[in-house]
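Now for the letters of each chain:
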Amino acid sequence: MKSLRTNRVGATQQALTSVDMPREIRIDHRDKLSYDEFARDYLYANRPVVVTDAMREWKALTRWSPEFFQQEFGAMKFALPDAKPKSEHALGGDAEYTMERFIELILNSTDENPAPYLRNVVLYEQFPSLRNDIEPLPEYLEPNWLPDHYFLKSVGDILNRGAAIEIYIGGKGGAFPMLHYDGAAAHAFLMHIYGRKRFILYPPEQTPFLYPSREKPNISMLNSLDAPDLKRFPLFEKAVATTFILEAGELLFIPSGWWHTTKMLTPCISISANVVNQSNWKALIDYAAKRVHNPLKSFAGRIYLTAAGARRSWRDRAWRQRTQAKSDREPLGSR
Ligand SMILES: O=C(O)CCC(=O)C(=O)O
């Protein structure tokens with residue numbers, strides 16, 4: 001049995017030189033991070049970062065709590081799968097909850113008996129009244145090409161769906177159910193509002209140790225990170241995780257292709273957003289082209305997406321000029 005080997009915050013940052021020798025990765029914690037620094041040091045470098053003051057004006061930080069959801073939305077009904085399926089093969093059925101009952105479970109959740117995890121729920125569909133509580137959205141989420149109009153409907157349907165802001169509510173001991181990286185090679189922004197959540201990350205270079213599934217290569221087949229079956233997954237022994245705790249009010253940027261999963265240390269509330277733009281468009285094209293098995297269609301898809309990306313990046317130039325003029329007028333410290 002292998003316990004999770006971790007590299008704590010504060011370890012030295014070094015690029016992986018060989019998949020046989022994973023090195024320690026440091027997660028920077030930054031405040032007053034300008035967009036230009038973010039773009040240069042993290043977005044285009046494909047490196048994670050925690051920004052500690054990106055949501056400082058949000059009402060959600062003082063308003064949202066498990067009790068708030070219980071009071072405001074107590075009668076809301078939804079179905080959720082069990083937090084702990086009885087066995088690897090028994091997936092467990094969905095059970096129906098009211099928000100009132102669900103929050104009781106969240107408040108009494110333990111490591112041994114975790115509450116179910118309400119996750120990946122589209123915030124503006126399920127809780128439209130909460131929209132104002134998460135404004136202004138951090139500038140780092142722009143430009144985002146996911147909500148754009150695409151002439152190919154099949155492309156538009158997939159990318160537009162990925163643009164939704166999602167909410168997560170879970171209890172102590174609850175966990176995201178799998179190690180994965182986000183689909184369409186999207187970047188992920190996790191904005192943590194309440195409680196303490198442990199993140200476990202592996203850089204894309206460690207993919208050979210993480211057993212991507214054949215049908216869904218962004219999802220790992222590993223049964224557990226704490227007690228993995230090393231007979232089935234022997235290479236996992238070589239993987240080196242980076243773990244850290246995300247605190248309320250912090251934003252985590254998880255770049256394209258970075259494997260991640262979570263475990264909650266207390267009741268937790270977060271939201272997430274996916275972003276695709278010039279920085280990861282090539283990764284998106286590769287991701288999409290690999291999933292189309294007909295070589296002619298795959299090639300045509302590459303051409304279409306390359307042209308769509310060139311057109312859109314031209315439009316981003318105007319956006320950059322506007323934001324640069326704004327940050328010249330109002331330097332970060334004064335906002
Ligand atoms: O906050 C979490 O539990 C993880 C969310 C996540 O990784 C995802 O939705 O892709």
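Residues numbered from 1 in each chain as written. Predicted model: local features only at pLDDT ≥ 70, side-chain atom pairs only at ≥ 80, totals over all residues.

Comments concerning the overall build of the chain
In terms of regular secondary structure, the chain is built from eight helices and 13 strands. For the chain, the proportion of its 335 residues judged to be buried stands at 31%. Sequence-distant contacts in the chain: of pairs separated by 6 or more residues, those separated by 24 or more amount to 77%. (Helix = DSSP H or I, 4+ residues; strand = E, 2+ residues; numbered from the N terminus. Buried ≥ 20, exposed ≤ 12 C-beta atoms within 10 Å, placed from the backbone. Contact = placed C-beta atoms within 7 Å.)

With respect to the pairing of strand E12 (residues 259-264)
Counted residue by residue, E12 has five buried out of six residues, so it is predominantly covered. The pairing of strand E9 (residues 196-202) with E12 spans six bridges and is antiparallel. Along E12, the bridge assignment pairs Ile200 with Thr261. (Pairing = 2+ DSSP bridges.)

Focus: the site of the ligand
With respect to spatial proximity, the complete set of residues near the ligand consists of Asn120, Tyr168, Phe176, Asp182, Ala188, Leu190, His260, Thr262, Ser270 and Ser272. Its residues assigned to classes, the shell around the ligand shows four nonpolar, five polar and one charged. (Near = placed C-beta within 6 Å. Nonpolar A, V, L, I, M, F, W, Y, C, P; charged D, E, K, R; others polar.)

Overview of the pairing of E9
Of all seven residues in E9, five are buried; the element is thus mostly enclosed. Taken together, the six bridges between E9 and strand E10 (residues 241-247) define a ladder with antiparallel strand orientation. Looking across to E10, one finds that Leu201 is bridged to Thr242.

Points about the nonpolar core
Generally speaking, nonpolar side chains in soluble globular proteins are found buried as a group. Among the nonpolar cores identified, the biggest contains 65 residues, and Phe189, Leu201, Leu251, Leu252 and Phe253 are the most heavily contacted of them. Residues contacting Leu251, with those up to four places away along its chain left out, are Val51, Ala54, Met55, Pro138, Phe189 and Met191. (Core = buried A, V, L, I, M, F, W, Y, C linked by C-beta atoms within 7 Å.)

Quick notes on the sheet that holds strand E7 (residues 166-170)
Read from one edge of the open sheet, seven strands run E2-E3-E11-E8-E13-E7-E6, paired in mixed fashion. On the outer flanks of this sheet lie strand E2 (28-30) and strand E6 (118-122), each paired with one strand and no other. Sheet twist, expressed as the mean angle between neighbouring strand axes with direction ignored, is 20°. Pairing analysis gives five bridges linking E7 to strand E13 (residues 268-275), with the strands arranged antiparallel. For Glu166, the partnering residue across the bridge sits in E13 and is Ser272. (Axes fitted to C-alpha atoms, helices over the stretch in contact; angles between N-to-C directions.)

Here's the deal with helix H4 (residues 99-107)
Regarding H4, the residues found buried are Met99, Phe102, Ile103 and Ile106. The buried residues of H4 occupy an angular sector of 95° when projected down its axis, which confines them to one face. Next to the buried residues of H4 lie helix H3 (66-73), strand E5 (94-98), E6 and E7. (Arc of directions from axis to C-beta.)

Overview of the environment of Gly74
Relative to the elements of secondary structure, Gly74 occurs in the loop between H3 and strand E4 (77-81). Accessibility expressed as a C-beta count within 10 Å gives 13 for Gly74, which makes it partly exposed. Residues Gly74 and Met99 lie 25 residues apart in sequence; the distance between their C-alpha atoms is 4.7 Å. Beyond its immediate stretch of four places on either side in the chain, Gly74 contacts Thr98, Met99 and Glu100.

Quick word on the environment of Gly171
The residue Gly171 is located in the loop between E7 and strand E8 (187-194) in this model. C-alpha separation for the pair Gly171 and Ser109, spaced 62 residues apart in sequence, amounts to 5.3 Å. When neighbours within four sequence positions are excluded, Gly171 is seen to be in contact with Leu105, Ile106, Ser109, Pro114, Ala115, Met264 and Pro267.

Regarding the packing of H3 against H4
It is the contact of H3 with H4, at a shortest axis distance of 9 Å, that shows an interaxial angle of 165°. Classified by the angle their axes make, H3 and H4 are roughly antiparallel. As H3 packs across H4, the resulting crossing turns out to be left-handed. Contact residues: H3 offers Pro66, Phe69, Gln70 and Phe73, while H4 offers Met99, Glu100, Ile103, Ile106 and Leu107. Broken down by class, the residue content of the contact of H3 with H4 amounts to seven nonpolar, one polar and one charged. (Parallel < 35°, antiparallel > 145°, perpendicular 65-115°, else oblique. Left-handed = near helix turned anticlockwise from the far one by under 90°.)

Describing the confidence of the model for the chain
Across the chain, the average pLDDT comes to 89, with 89% of residues at or above 70. Note on residues 1-17: pLDDT is under 50 here. Beyond four places in sequence and across chains, it has 33 contacts. (pLDDT = per-residue confidence, 0-100.)

Brief notes about unusual backbone geometry
Here Glu135 and Pro136 are connected by a cis peptide whose omega angle stands at -5°. Following the sequence through the fold, Pro136 ends up in the loop between helix H5 (123-126) and helix H6 (153-161). The omega torsion of the bond from Glu142 to Pro143 falls at -15°, within 30 degrees of zero and hence cis. Along the chain, the position of Pro143 falls in the loop between H5 and H6. Positive phi values are uncommon outside glycine, yet Ala184 reaches one of about 60°.

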